[in-house]
Amino acid sequence: CSVTLYVPPIYTYTTGGMPGVAASNNFLSFVNPVGSGKLTIGLLLSVQSYSSGSTTVLSPLIVYRATAVSGGSLVTNSTGTSPFSTTYPTAVVELRLGNPTATLGPPVAAVAPVISTGAGNTGTGFGVPGVGPQALPGEGFVWNTSSGDTDQHWLITLIWQEVDL
């Protein structure tokens, strides 16, 4: 008798350092597209805020549930995301950078910005082993600041799993 263990594919994506803006901004969106046939499960969110100069703006980076996400710059999953195994198919999640438009829902998590009199940094990460924020087809999340500082920078790393429905 043999047992086959199925581990749903796991993927990761890192934004690189994104400079802040003075106005409200959607830095990143994560959407499980309608018709994907998948449930996405967040395994880890890591956010670092660092500064290249003096910063005094107190607005945190907030992760919101979101709908009607469009615009911005769509990440090419075959080259922009990284599967944990090269045998996994290309991720189905749609990731967008560059201030995509979205209807924001309730907040899920928040990260304080760096406050600095010069170059400095702070880091925050959270993850729930096995189960984290989930998105059914048509659901998603947006990372937003209500205001910011051009000397603040955000580095976001995501790890998620895509499970067949």
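Shown above is the structure to which this text applies.
Bear in mind the structure is a predicted one, so any value in this text is a computation, not a measurement.

Participant: I'm lost on the overall build of the protein in this one. Help?
Facilitator: Check the secondary structure of the protein and you find one helix and 13 strands. The secondary structure elements of the protein, listed N-terminal to C-terminal, are β-β-β-β-β-β-α-β-β-β-β-β-β-β. Over its C-alpha trace the protein gives a radius of gyration of 16 Å, about what one expects of a compact globule, namely 15 Å for 165 residues. Projected onto its principal axes, the C-alpha coordinates of the protein cover approximately 65 × 30 × 30 Å.

Participant: What exactly am I supposed to notice about the sheet that holds strand E5 (residues 61–70) here?
Facilitator: Strand order in the open sheet formed by six strands is E6-E8-E3-E12-E5-E9, and the pairing between neighbours is antiparallel. Each edge of the open sheet carries a strand with a single partner, namely strand E6 (73–74) and strand E9 (101–111). Pairing between strand E3 (residues 25–31) and strand E8 (residues 94–97): four bridges, direction antiparallel. For Leu28, the partnering residue across the bridge sits in E8 and is Leu97.

Participant: Can you help me understand the environment of Pro137 in this one?
Facilitator: Along the chain, the position of Pro137 falls in the loop between strand E11 (134–135) and strand E12 (140–145). Setting aside anything within four residues of it in sequence, one finds Pro137 in contact with Asn32, Pro33, Val34, Gly35, Ser36, Gly37, Lys38 and Leu165.

Participant: Mind showing me how you'd approach the side chain of Asn26 here?
Facilitator: For Asn26, the location among the structural elements is in strand E3. On the basis of relative accessibility, which here comes to 8%, the residue Asn26 falls in the buried class. Within the structure, Asn26 has its side chain in polar contact with the backbone oxygen of Pro100 (distance 2.7 Å). In contact with Asn26, not counting residues within four places along its chain, are Gly98, Asn99, Pro100, Ala102, Leu104, Val142, Trp143 and Asn144.

Rules used throughout
Residues numbered from 1 in each chain as written. Predicted model: local features only at pLDDT ≥ 70, side-chain atom pairs only at ≥ 80, totals over all residues. Heavy atoms only, no water. Helix = DSSP H or I, 4+ residues; strand = E, 2+ residues; numbered from the N terminus. Rg over C-alpha atoms; globule rule 2.2 N^0.38 Å. Pairing = 2+ DSSP bridges. Contact = heavy atoms within 4.5 Å. Buried < 20%, exposed > 50% of the residue type's maximum accessible area, 1.4 Å probe, protein only. Polar contact = N/O pair within 3.5 Å; in protein donor to acceptor, adjacent residues only side chain to side chain.

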